[in-house]
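Notes for the structure review
Each chain is listed here by its residues.
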Amino acid sequence: MAKAKLKSTSSVDKVLSFIKTNKIKFVDLKFMDFPGQWQHTTVPVYQLDADSFKDGFGFDGSSIRGWKPINESDMLIIPDPDTMFLDPFVQAPTISLICDVYEPATKEKYSRCPRNIAQKANAYLKSTGLADTVYFGPEAEFFVFDDVRFDTTPNSTFYFIDSIEGRWNTGTDEGPNLQYKPRFKEGYFPVPPTDQLMDLRNEMSQTLIDLGIPVEAQHHEVASGGQCEIDLRFQPLLTAADQLLMFKYVVKNTAKKHGKTVTYMPKPITGDNGSGMHVHSSLWKNGKPLFAGGGYAGLSEMALYYIGGILKHAPALLAFTNPTTNSYKRLVPGFEAPVNLAYSQRNRSAAIRIPMYSASPKAKRVEFRCPDAAANPYLAFSAIMMAGLDGIINRIEPGEPLDKDIYDMAPEELAFVPSAPPSLDAALQALADDHEFLLKGDVFTEDVIHTWIKYKMEKEIKPMRLQVHPMEFAMYFDV
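A closer look at the packing of aromatic side chains
The tally for this structure, following the rule as stated, stands at 20 aromatic pairs. When the ring of Trp38 is compared with that of Tyr249, the centres are 5.9 Å apart and the planes differ by 70 degrees; the resulting orientation is edge-to-face. Placement of the pair is Trp38 in strand β2 (residues 38-44) and Tyr249 in helix α5 (residues 237-257), with a sequence separation of 211 residues. Of the two residues, Trp38 and Tyr249, both sit in the buried class. Between Phe142 and Tyr264, the ring centres sit 5.6 Å apart and the planes meet at 50 degrees, which makes this aromatic pair tilted. Of the two residues, Phe142 is situated in strand β7 (residues 133-145) and Tyr264 in the loop between β13 (261-263) and β14 (277-285); the sequence distance between them amounts to 122 residues. Note on Phe142: relative accessible area 0%, which makes it buried.

Comments concerning the environment of Lys185
Turning to its location among the elements, Lys185 is positioned in the loop between β9 (156-162) and α4 (198-210). You can call Lys185 partly exposed: its relative accessible area is 39%. In this structure the C-alpha to C-alpha distance between Lys185 and Glu446, which are 261 residues apart in sequence, comes to 42 Å.

Describing empty space enclosed by the protein
This structure, assessed with the given rule, holds one cavity of 30 Å³ or more. Secondary structure elements with two or more residues in the lining of the largest cavity: β7 and α5. For the lining of the largest cavity, the per-class residue count stands at five nonpolar, two polar and one charged.

Side note on the layout of surface pockets
Estimated volume of the second largest pocket: approximately 730 Å³. Lining of the second largest pocket is provided by 40 residues; of these, Glu139, Glu229, Asp231, His280 and Arg353 occupy positions nearest its centre. Every element with two or more residues in the lining of the second largest pocket is listed here: β7, β10 (215-220), β11 (227-232) and β14. Looking at the lining of the second largest pocket element by element, the count peaks at six residues for β7.

Description of the packing of helix α3 (residues 114-128) against helix α8 (residues 377-393)
Running from amino to carboxyl end, α3 crosses α8 at an angle of 25 degrees, the nearest separation of the two axes being 8 Å. The angle between α3 and α8 falls in the class roughly parallel. When the axes of α3 and α8 are compared, the crossing they make is left-handed. Of the residues in α8, those touching α3 at Pro114, Arg115, Ile117, Ala118, Ala121, Tyr124 and Leu125 are Tyr378, Leu379, Ser382, Met385, Met386, Leu389 and Ile393. Within the contact of α3 with α8, the residues separate by chemical class into 12 nonpolar, one polar and one charged.

Cut-off values and rules
Residues numbered from 1 in each chain as written. Predicted model: local features only at pLDDT ≥ 70, side-chain atom pairs only at ≥ 80, totals over all residues. Heavy atoms only, no water. Phe/Tyr/Trp six-rings, centres within 6.5 Å; stacked < 30°, edge-to-face > 60°. Helix = DSSP H or I, 4+ residues; strand = E, 2+ residues; numbered from the N terminus. Buried < 20%, exposed > 50% of the residue type's maximum accessible area, 1.4 Å probe, protein only. 1 Å grid on protein atoms, 1.4 Å probe; cavity = no way out; pocket = protein on both sides within 12 Å on 5 of 7 lines; lining within 4 Å. Points joined across faces, edges and corners; volume = space filled by probe spheres on them. Nonpolar A, V, L, I, M, F, W, Y, C, P; charged D, E, K, R; others polar. Axes fitted to C-alpha atoms, helices over the stretch in contact; angles between N-to-C directions. Parallel < 35°, antiparallel > 145°, perpendicular 65-115°, else oblique. Left-handed = near helix turned anticlockwise from the far one by under 90°. Contact = heavy atoms within 4.5 Å.

Now the structure itself:
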């Protein structure tokens, strides 16, 4: 296991110089918990010096989900100086630093730290000799709501969401109601005033750009009720995961500043499209792309085997890439959700798509369309790469492509196309049965796999099973 060591002197010096030049008052230390939520603690700026990047800061690991028991609670976070950004949402001048989690007794990286798993994935990739860099480009969709309320008690349960763009508000007295509410499944690309969130997305995008995160495009998405997408430029695995968390932080806080709220929950609206996170990936070596070639859709043999690995292990992958019970309310036919495990060029009804916008070898990539943004990106990206590498190493054929609309196929024809797991329970069982490919290079460990499955079963699946659902009253009250 990797031990703590002093970071690059130049990177540390840049942080300390920035603090002095910009009269920074506080340092916010951010780190990722096991399920996928950023956590943080803040110290006055005088608490940070060059030794902090080796010695770190202590915290209570027993209070973090899925981590330490109370008798082993002491842990360390050590900041990575290359991740510094000036926090645009805190009143006092504050820098943020993303941290790695360490065991204090040994100064070794904590095996359940998701960022450590991503770092080990990078190391394993290089050890194979197949490539030295894996790039990821996530498209994390989200909803912008104007009001959200929910509660669960022994004798009641409800949720209520509202959006100025909600199609359900066409008859609401908004004093006055000026309409322009996107119809269900018709929110993709209409100009303002139907798209009422353009200025908000522009502000989100500009804040990201100011923080050094390149934005490729922003637009309204398919669903009514304020569904949006902001596309980020592809980055190496660790940077892509770091930036996705910064992206969610910026998007949520910008919305809050304007009296709105954002959710990355995959399926918050019944009857309309859910939010996915299509993940583009490609392998490079010595600065050259490896996925371009003379095969199907301009792919190399390596790229096709990479697809074969993802398709073979997809049921297990979904335990990380689609990690909530709500994720599987999105993965149903009819809402552009890729429930069929197949690949195709251009066809968005396949689980894996090969984008054909550009003939450039640098643009050749594989798009895995199943994931959603509830995923912990360090775990999800690492698992996708490990599945793809397993496909390359074992020369796993992806089968024949499906270039027709899968949703229009006859049932007898569709019966030969494998399907995604129908529930989180099924995905976790698939992970329990198929995770050897994740253990290579000690990237994931048996402890990580076991803890993930146990946490999801005890904290999410079992509580959902015990909860009485309003739909059950609608169906069964008069039995």
